[in-house]
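So the chains spell out like this:
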Amino acid sequence: MSDQVAATPTAVRSTVHLFGHPVHPMLIPFPIALLIAGAVTDIAFLAEGDEFWARASLWLIASGVVTGAVAAITGLVDFVTIERVRHLASGWIHFLGNAVVLVTALFNWLSRIDDRAFIEPWGLVLSLVTVGLLGVTGWTGGELAYRHRVGVTGG
């Protein structure tokens, strides 16, 4: 094992910030929580059969898509304007993975609007795939912020 320590990259400020704080990390908890809750209510619907859970899933996933789109806009601006992000594999995985998350969740939402039966099994499968992808994209987002110091204030 080498004793040589890798140089810490300099911090790169987020393009979209409010009073010096990056906006993207402020927005992402909403779609993450909403889409995970959508998977949980899908499971509750399948376990209980109560229509309440199907309606809850519909609204949670819809809200996750809308808030995810807002968060994606700020992330897209950072991706396009911060060159370092485009040179990192984690930047591309985060960017493309979250695009797949949004498309998957949008399809999931639209497919169940008039068809509650869609939840069993395809809606649940799409919800679980969405949650799994969020785990990967969340990890790579953390890599960008903590390892590569993207969107970090201060030098």
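Residues numbered from 1 in each chain as written. Predicted model: local features only at pLDDT ≥ 70, side-chain atom pairs only at ≥ 80, totals over all residues. Heavy atoms only, no water.

Caption draft 1: Main features of the pattern of salt bridges. Scanning the model with the defined rule gives two salt bridges in all. Arg112 is the partner of Asp42 in a salt bridge, and the nearest nitrogen-oxygen pair spans 2.7 Å. Of the two residues, Asp42 is situated in helix H2 (residues 29-48) and Arg112 in helix H5 (residues 89-112); the sequence distance between them amounts to 70 residues. In this pair, the class of Asp42 matches that of Arg112, namely buried. Ionic pairing is found between Arg147 and Glu143, a salt bridge with its closest N-O pair at 2.7 Å. A residue pair is termed a helical-turn pair when its members lie 3 or 4 positions apart in one helix, as Arg147 and Glu143 do in helix H6 (residues 122-147) at four residues. A residue is classified by how much of its surface remains accessible, and Arg147, at 52% relative accessible area, is exposed. (Salt bridge = Lys/Arg side-chain N within 4 Å of Asp/Glu carboxyl O. Helix = DSSP H or I, 4+ residues; strand = E, 2+ residues; numbered from the N terminus. Buried < 20%, exposed > 50% of the residue type's maximum accessible area, 1.4 Å probe, protein only.)

Caption draft 2: Inspection of the layout of surface pockets at higher detail. A volume near 800 Å³ is recorded for the largest pocket. His24, Ile28, Gly75, His94 and Asn98 are the residues nearest the centre of the largest pocket, which is lined by 36 residues in total. Elements with a contribution of two residues or more to the lining of the largest pocket: helix H1 (24-27), H2, helix H3 (51-81), H5 and H6. Residue classes in the lining of the largest pocket are distributed as 22 nonpolar, 13 polar and one charged. (1 Å grid on protein atoms, 1.4 Å probe; cavity = no way out; pocket = protein on both sides within 12 Å on 5 of 7 lines; lining within 4 Å. Points joined across faces, edges and corners; volume = space filled by probe spheres on them. Nonpolar A, V, L, I, M, F, W, Y, C, P; charged D, E, K, R; others polar.)

Caption draft 3: Expanded view of the nonpolar core. Val12, Phe79, Ile82, Val85, Leu88, Leu144 and Val150 together form the largest nonpolar core, which totals seven residues. The residues touching Phe79, leaving out its near neighbours within four places in the chain, are Val85, Arg86, Gly91, Trp92 and Phe95. Membership of the second largest hydrophobic core comes to six residues, among which are Leu35, Val65, Val101 and Ala105. (Core = buried A, V, L, I, M, F, W, Y, C linked by side-chain atoms within 4.5 Å. Contact = heavy atoms within 4.5 Å.)

Caption draft 4: Focus on the side chain of Asp42. Residue classification places Asp42 among the buried positions, given a relative accessible area of 0%. Excluding anything up to four places from it in sequence, Asp42 contacts Ser57, Arg112, Ile119, Gly123, Leu124 and Ser127.

Caption draft 5: Quick peek at unusual backbone geometry. For the bond from Glu120 to Pro121, the omega torsion is -5°, close enough to zero to count as cis. With respect to the helices, strands and loops of the structure, Pro121 is situated in the loop between H5 and H6. The backbone of Phe19 sits at a positive phi, close to 55°, despite the residue not being glycine. The class of Phe19 is exposed, set by a relative accessible area of 77%. In this model, Arg149 sits at a positive phi of 55°, which is unusual for a non-glycine residue. With respect to the secondary-structure elements, Arg149 resides in the segment after H6.

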